[in-house]
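Each chain is listed here by its residues.
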Amino acid sequence: MIKFLDLQAQYRSIQPQIDAAISRTIADAAFIGGDAVRSFEAAFAKYQEAAHCVGVANGTDAIEIALEGLALPRGSEVIVPANTFIGTSEAVTRAGLRVVFADVDPDDFTLSPVDVRRRLSQRTRAILAVHLYGQPCDMLALGSIAQQHGLRIIEDCAQAHGAEVKGRRVGAIGDVGAFSFYPGKNLGAYGDAGAILTNDESLALRMRKIANHGRTAKYDHEFEGRNSRLDGLQAAILLAKLEFLDGWLEQRRRVAAVYDRLLAGVPEVRLPRRRSDVTHSYHLYVVRVRDRDSVAQRLRDHGIETSVHYPIALPRLRAYAYLGAPDESMVALQQDSQLLSLPIGEHLSEAQAETVALALREAVS
Ligand SMILES: *Cc1c(COP(=O)(O)O)cnc(C)c1O
């Protein structure tokens, strides 16, 4: 059996460190705030090469609080890729802003700068650059659009811990970066957790207040914020796990290299293109195949789990019917029935990746 994700195996490999982190936090009763939260925020900011890190309750809140922190005029339009998790676009609407979907690049799946230009209007104020599957967006092209039109860039780094653009870690390349530590992400908590990064000190301070009831001192509140904090147990677990992240990412890249090698030149399998200037964090390895569901079934018959990210492009969801009929010419809408996520992660050996690749070759032939 080759699992898509194996969090139990990961726990077994680091159990002493995790158990110690949990018992220390409970012994200290450091459930909200405390040393682990501060230490993790500092360590994660350093790891991602950002000046400031604000821990929050989850990745969706991270995006929403980042948008609130930027204080864009109500009703401003924010450009969001048509293929991402709904958390990205949901946060835009929750922050009182308007979602405008743009298409993805047909080869590398990330937000298409060409299509972003087509979707600009007088009301556009920001771009949500989703580093989908762990591959950073074309930040150079998006940055020049942003500069030309006075737009903010929010990086959705939920799938891109440790990913780089020209040797620079994602998260503070744009104005602000949002991370999720949902258990299945490359760096995952044991529950919900998230973080926001920025190099802008006053933005960091504002976002920290928003996430903590607008609080400035105990029972003194500058404004009405909300409760979205990273809790002590999750911070302690994340701090313990951060030590292992680079090793885990290396294993993900080795698995991806096996897929690249064994699936290249198979005409029935379209491989994801990797841009030359990025370090990919391979949260997901997504190929495109015809008859995706039957291919997935054949792999399951061989004991291989796969997944789909995402089976319904966002503009086609009922949640976005209010935006009117989706633009069927979008690549994102044409390819959602072909996407297939192969198993990837530190739980997988290269030999298992070879088994998956060979089984896929057989399944599509
Ligand atoms: C997981 C994810 C989110 C949401 O994160 P949560 O912690 O689950 O709220 C947002 N965007 C993308 C691209 C994600 O993969």
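What you see is a predicted model; the values in this text were computed from it and never measured.

Some thoughts on the site of the ligand
As a matter of local geometry, the ligand sits amid 13 residues, with Gly 59, Thr 60, Asp 156, Ser 180 and Lys 185 nearest to it. Contact between the ligand and Gly 59: an oxygen atom at 2.7 Å from a main-chain N or O atom of the residue. At 2.6 Å from an oxygen atom of the ligand is found a side-chain nitrogen or oxygen belonging to Ser 180. Across the complex, the protein chains shield 93% of the 380 Å² of accessible surface that the ligand would expose by itself. Counting atoms within 2 Å of the grid points, the majority share of the ligand lands in the largest pocket. Classifying every residue of the shell around the ligand by side-chain character gives four nonpolar, seven polar and two charged.

Structural notes on the side chain of Asp 105
As for its position among the elements, Asp 105 is in the loop between strand 3 (98-102) and helix 5 (113-119). Here Asp 108 takes part through its backbone nitrogen, which lies 2.9 Å from a polar atom of the side chain of Asp 105. Sequence-distant contacts of Asp 105, that is, excluding residues within four places in its chain, are made with Thr 110, Ser 112 and Arg 273.

What about helix 11 (residues 350-364)?
Given a rise of 1.5 Å per residue, 15 residues ought to cover 21 Å, and the 21 Å separating the end C-alpha atoms of helix 11 matches this to within 8%. Along helix 11, the residues that are buried comprise Ala 353, Val 356, Ala 357, Ala 359, Leu 360, Ala 363 and Val 364. The buried residues of helix 11 occupy one face: seen down the axis, they fall within an arc of 165 degrees. Facing away from the buried surface of helix 11 by more than 90 degrees, the exposed residues are Ala 351 and Glu 362. Elements in contact with the buried residues of helix 11: helix 8 (232-263), strand 13 (285-288), helix 9 (292-301) and strand 14 (339-342).

Re the layout of surface pockets
Estimated volume of the largest pocket: approximately 530 Å³. Gln 159, Tyr 182, Lys 185, His 283 and Tyr 310 are, among the 27 residues lining the largest pocket, the residues nearest its centre. Mapped onto the lining of the largest pocket, the elements with two or more residues apiece are helix 3 (59-70) and helix 4 (86-94). Looking at the lining of the largest pocket element by element, the count peaks at three residues for helix 3. When grouped by side-chain class, the residues that make up the lining of the largest pocket number 12 nonpolar, 11 polar and four charged. The calculated volume of the second largest pocket comes to roughly 440 Å³. Around the second largest pocket sit 17 residues that line it, and Gly 33, Val 37, Arg 208, Asn 212 and Arg 229 are the ones nearest its centre. Looking at the lining of the second largest pocket, the elements with two or more residues in it are helix 2 (35-47), strand 1 (52-56), helix 7 (201-211) and strand 10 (215-217).

Considering the pattern of salt bridges
In total, this model carries 28 salt bridges according to the counting rule given. Residues Glu 68 and Arg 226 are paired through a salt bridge, measuring 3.6 Å at the closest nitrogen-oxygen approach. Of this pair, Glu 68 sits in helix 3 while Arg 226 is found in the loop between strand 11 (220-221) and helix 8, placing the two residues 158 residues apart along the sequence. Notably, a salt bridge pairs Arg 98 with Glu 77, separated by 3.9 Å at the nearest N-O pair. Linking Arg 98 in strand 3 with Glu 77 in strand 2 (residues 77-81), this pair joins segments that are 21 residues apart in sequence.

Structural notes on the packing of helix 3 against helix 7
With their axes 9 Å apart at the nearest point, helix 3 and helix 7 run at an angle of 125 degrees to one another. It follows from the interaxial angle that helix 3 and helix 7 lie oblique. For helix 3 against helix 7, the interelement crossing comes out right-handed. Here Ile 65, Ala 66, Glu 68, Gly 69 and Leu 70 of helix 3 lie close against helix 7, whose contacting residues are Leu 203, Arg 206, Met 207, Ile 210 and Ala 211. Class assignment of the residues belonging to the contact of helix 3 with helix 7 gives a composition of seven nonpolar, one polar and two charged.

Focus: the side chain of Gln 251
Of note, Gln 251 is situated in helix 8. At 2.9 Å, the side chain of Gln 251 and the side chain of Arg 254 are in polar contact. Apart from the residues within four sequence positions on either side, Gln 251 is in contact with Gly 345, Glu 346, Leu 348, Ser 349 and Glu 350.

Observations regarding helix 1 (residues 7-28)
Taking 1.5 Å of rise per residue, the 22 residues of helix 1 would be expected to cover 32 Å, yet its terminal C-alpha atoms sit only 27 Å apart, more than 12% below that figure. Looking only at helix 1, the buried set comprises Gln 10, Ile 14, Ile 18, Ala 21 and Thr 25. Looking at the buried side of helix 1, the elements it contacts are helix 8. Two to three positions downstream of the cap, the backbone nitrogen of Gln 8 sits 3.4 Å from a side-chain oxygen, assigning the N-cap of helix 1 to Asp 6. Positive phi appears at Ala 29, one or two residues downstream of helix 1, with a value of about 50 degrees.

Definitions and limits used
Residues numbered from 1 in each chain as written. Predicted model: local features only at pLDDT ≥ 70, side-chain atom pairs only at ≥ 80, totals over all residues. Heavy atoms only, no water. Near = heavy atom within 4 Å. Polar contact = N/O pair within 3.5 Å; in protein donor to acceptor, adjacent residues only side chain to side chain. Areas by Shrake-Rupley, 256 points an atom, 1.4 Å probe, with all protein chains shown as cover. 1 Å grid on protein atoms, 1.4 Å probe; cavity = no way out; pocket = protein on both sides within 12 Å on 5 of 7 lines; lining within 4 Å. Sits in = over half its atoms within 2 Å of the grid points. Nonpolar A, V, L, I, M, F, W, Y, C, P; charged D, E, K, R; others polar. Helix = DSSP H or I, 4+ residues; strand = E, 2+ residues; numbered from the N terminus. Contact = heavy atoms within 4.5 Å. Expected span 1.5 Å × (residues − 1). Buried < 20%, exposed > 50% of the residue type's maximum accessible area, 1.4 Å probe, protein only. Arc of directions from axis to C-beta. Points joined across faces, edges and corners; volume = space filled by probe spheres on them. Salt bridge = Lys/Arg side-chain N within 4 Å of Asp/Glu carboxyl O. Axes fitted to C-alpha atoms, helices over the stretch in contact; angles between N-to-C directions. Parallel < 35°, antiparallel > 145°, perpendicular 65-115°, else oblique. Left-handed = near helix turned anticlockwise from the far one by under 90°.

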